[in-house]
Amino acid sequence: MSDQLATLRALRAATTDPAQQAALDAAIAAMERAQASQQHAQSFSGDSQAGAAVAGNVAGSVVAPLFPPGASGNYVAGVLNVYQQAPVASAADYDAALRRYLDDLYARFSTLDLRGIDEQRPVEIQLTEIYISLTLREPAPADLRGWGALRRFMNQMIERVRGDDDRVDESTQQRTVAWNEILREHRRIAVVGKPGSGKTTLLHYTAVRLAEALARDDQARLAEFGFAQPLMPLFLPLRELGSYLRESRLRELSGNGPRLLLDCLANYAAGRNLDLPANFFSRLCETGRAILLLDGLDEVSRTDEREIVSGIIREFARRYPACRYVVTARVAAYTGAAEIGAGFTICTVDDLDEAQQQRFIANWSRCVHRLVYPRSSAEQVERMAGAFDTALLRAIRENPGVGRLAPNPLLLTVIAIVFYNRQDLPENRAQLYEECVKVLLRGGRGKVDVAGRERATMIMGLEARRELLAAVAYEMHLGGEERKLIDRDVLEHLIATYLGRRAATNHEAGELARQFLNELPVHMGLLDEIEQNRFGFSHLSFQEFLAARHIAETDQWDLALDRYLETWWREVILLCAGHLSQERSWRFLGKLIERGATPDERAAALALAADALAELERYKGQGPIRGQVQTAAAAILTAQPAEAAPASARVRCGYALARVGDPRPGVCTLPPDMVDLPGGQFVIGSARAEAEAAGKAYEQYWLSRGDQERAKHARTWPQDEINDQPLRLAPFALARYP
């Protein structure tokens, strides 16, 4: 083992890649713990205190070591007892293996990687500090009968939570429950929810809390889940099981036997260099000392393989009935033969309500500011975080487009990252969606492993993926409302066609398309499998924006503008105008107001252009289109005889002029009420005492940031503001509004 340690340390000294450094640090720490355990091995009986103190985490970690010095190890010893009946390794080997496994699990899941906060370094937030309780619902059995019943139930709950559905069905016995309550009442649970609803984070939180309970003999954490004895959390992404079956061809050789899941757990651990005894997992399952956390049934990309994986879980639960099980899946994936059955209780995840959004933003902000400003005091961090919370929540309330995204935890995280980077949310909705798409494509979802992120990058870079998604959104939008979803084979063909120019052969393009589709559930958060083998955008706003972006970038303006009378294309036209540069945006809207063969059609074009101007002129400035809309709308309103323009056209033109201003004399030019102000004198600037106080505040701020050089000069900055000469102002009048 000493030779292996020396080799790993030499590799660590030679590598400059941060990801490789982190992996090597973890491997070295695990091997050092194993070496220490061998040197200080103890026999483990029921009342023994197993293991030696474990070295701390890698320098710079935001979390404390999992195994604190001085812990008694009673819970660990209790778990280790399961290996006494059929040992295949020494007591010390089991002890070290268990600690390696828990250390590795804790290192992976105790923090969230927030990509997009700092391009130079990763920003990790401690999971238990940011986590908020989700609202879960347990449907009544009657609600889950028939094909598509689960999706219908989810849609009804969304309407009820948003207040869109006042109907109360007394026969429906669904109930809202807390996660710890569900765990206490049910041994087998299927957590089903929309993309980005927090299912994976729920499993990570559960794994971390159980690891802490085991390592620290923490009865309170154990009681949080209502468990009578400590359980080993065995976490497995189900995409790993799908890949394992494909690569080993074991499904043809062995059917859906429970052994396949055990073998996959061992294979997954071996891939992480954990070096576990051969019966490490089997003994835990045989004795019921494990809770299996099986994440992402939807991430098994092929429907037939998903059904096989569900069958393996079903048989495994029957073979090991004393264990506990939690499986997560999206609604689209948990249907038909992919449903596990076997006594698994289904619970669904609600959107975040406003109170949950506030708690999440407060937790997120506090964690980020503490990490970004490590030299600041706790009071300073709370003050900065509080100001951030208030500003972000106000921005969400004031922007209806953002408000529609915020109930989803994934998209709320993306919004928080965008706001943090900019200190505001773009008024231009097209720019806001652009920023959100960038964060999502970089992996802002926070659940992507390093290897998976590298696979996605090798298939296509960020720009290429965005272009491809824009082309897909455009083709889907052309299909109309009935084509919000697209079949897998059609989507694969569409992607392969688009990638044809990047691939040497059609076969290679098809293979790239399949790889891209297989990575979608893990990496995007944009285009997802909504129903079985049918894909759609996670939010219609993203489809509309990406379709608009494709139209803007490929100059296919007429294709969108010719559909200006269709409600389905309204947002695409508005977002296209927002995405274009100022000069091109005015040209785009100029082509819009030329459309229409009748007064009614022309008025509809003018009203849509007026809506665009009301949004665009806030950040693009005024251009020539406003005057053109005013002139054209006024001409329709004043046309003679009165029957020349129908009432509907006049109403639309009145609406347009209300948005851009009515040029007709007397309509918007009535003299306003005036308020007389007496004038007087006042001082512009600061008094000496005010300037000195401001200088001290500047100095303390830069000292808290660790910038002593700037702090030296900061105290003198406000001196130029000192003034004791009054300014005299003559009487004047202001118009009162309204």
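Student: What am I meant to see in the packing of helix H4 (residues 91–109) against helix H8 (residues 199–216) here?
Tutor: The angle between the axes and the distance between the axes are what describe a pair of packed helices. In the contact formed by H4 and H8, the axes pass within 10 Å of each other and the chain directions differ by 140 degrees. Considering the angle they form, H4 stands oblique to H8. H4 and H8 meet at a crossing whose hand is left-handed. In this structure, H4 uses Leu102, Leu105, Tyr106 and Phe109 to contact H8, whose residues at the interface are His204, Ala207, Val208, Ala211, Glu212, Leu214 and Arg216. Residues of the contact of H4 with H8, tallied by class, amount to eight nonpolar, one polar and two charged.

Student: What is the right way to look at the pattern of salt bridges in this model?
Tutor: Side chains bearing opposite charge may pair, as long as their charged atoms lie close to each other. For the structure shown, the criterion picks out 39 salt bridges. In this structure, the salt-bridge partner of Arg318 is Glu315, at a minimum N-O distance of 3.1 Å. Of the two residues, Arg318 and Glu315 both sit in helix H14 (residues 303–319), three residues apart, roughly one turn of that helix. On the basis of relative accessible area, Glu315 is assigned to the partly exposed category, the value being 31%. Measuring nitrogen to oxygen at the nearest pair gives 2.9 Å for the salt bridge that ties Glu434 to Arg549. Here Glu434 is found in helix H19 (residues 429–442), whereas its partner Arg549 is found in helix H24 (residues 540–554), with 115 residues between them in sequence. Overall, the relative accessible area of 11% leaves Glu434 in the buried class.

Student: Explain the sheet that holds strand E6 (residues 232–237) here, please?
Tutor: Hydrogen bonds between backbone groups are what pair the strands of a sheet, and the pairing can be parallel or antiparallel. The mixed open sheet is built from seven strands, whose spatial order is E4-E3-E9-E5-E8-E7-E6. Every other strand in the sheet has two partners, leaving strand E4 (175–177) and E6 as the edge strands with one partner each. With direction set aside, neighbouring strand axes in the sheet form an average angle of 25 degrees. The pairing of strand E5 (residues 188–193) with strand E8 (residues 324–330) spans six bridges and is parallel. Its bridge partner being in E8, Ile189 is matched across the sheet by Val326. On the sheet, H14 packs against E5, strand E7 (290–295) and E8 and is oriented at approximately 165 degrees with respect to E8.

Basis of the calculations
Residues numbered from 1 in each chain as written. Predicted model: local features only at pLDDT ≥ 70, side-chain atom pairs only at ≥ 80, totals over all residues. Heavy atoms only, no water. Axes fitted to C-alpha atoms, helices over the stretch in contact; angles between N-to-C directions. Helix = DSSP H or I, 4+ residues; strand = E, 2+ residues; numbered from the N terminus. Parallel < 35°, antiparallel > 145°, perpendicular 65-115°, else oblique. Left-handed = near helix turned anticlockwise from the far one by under 90°. Contact = heavy atoms within 4.5 Å. Nonpolar A, V, L, I, M, F, W, Y, C, P; charged D, E, K, R; others polar. Salt bridge = Lys/Arg side-chain N within 4 Å of Asp/Glu carboxyl O. Buried < 20%, exposed > 50% of the residue type's maximum accessible area, 1.4 Å probe, protein only. Pairing = 2+ DSSP bridges.

Such coordinate-based values are descriptive only and should not be taken to indicate function.
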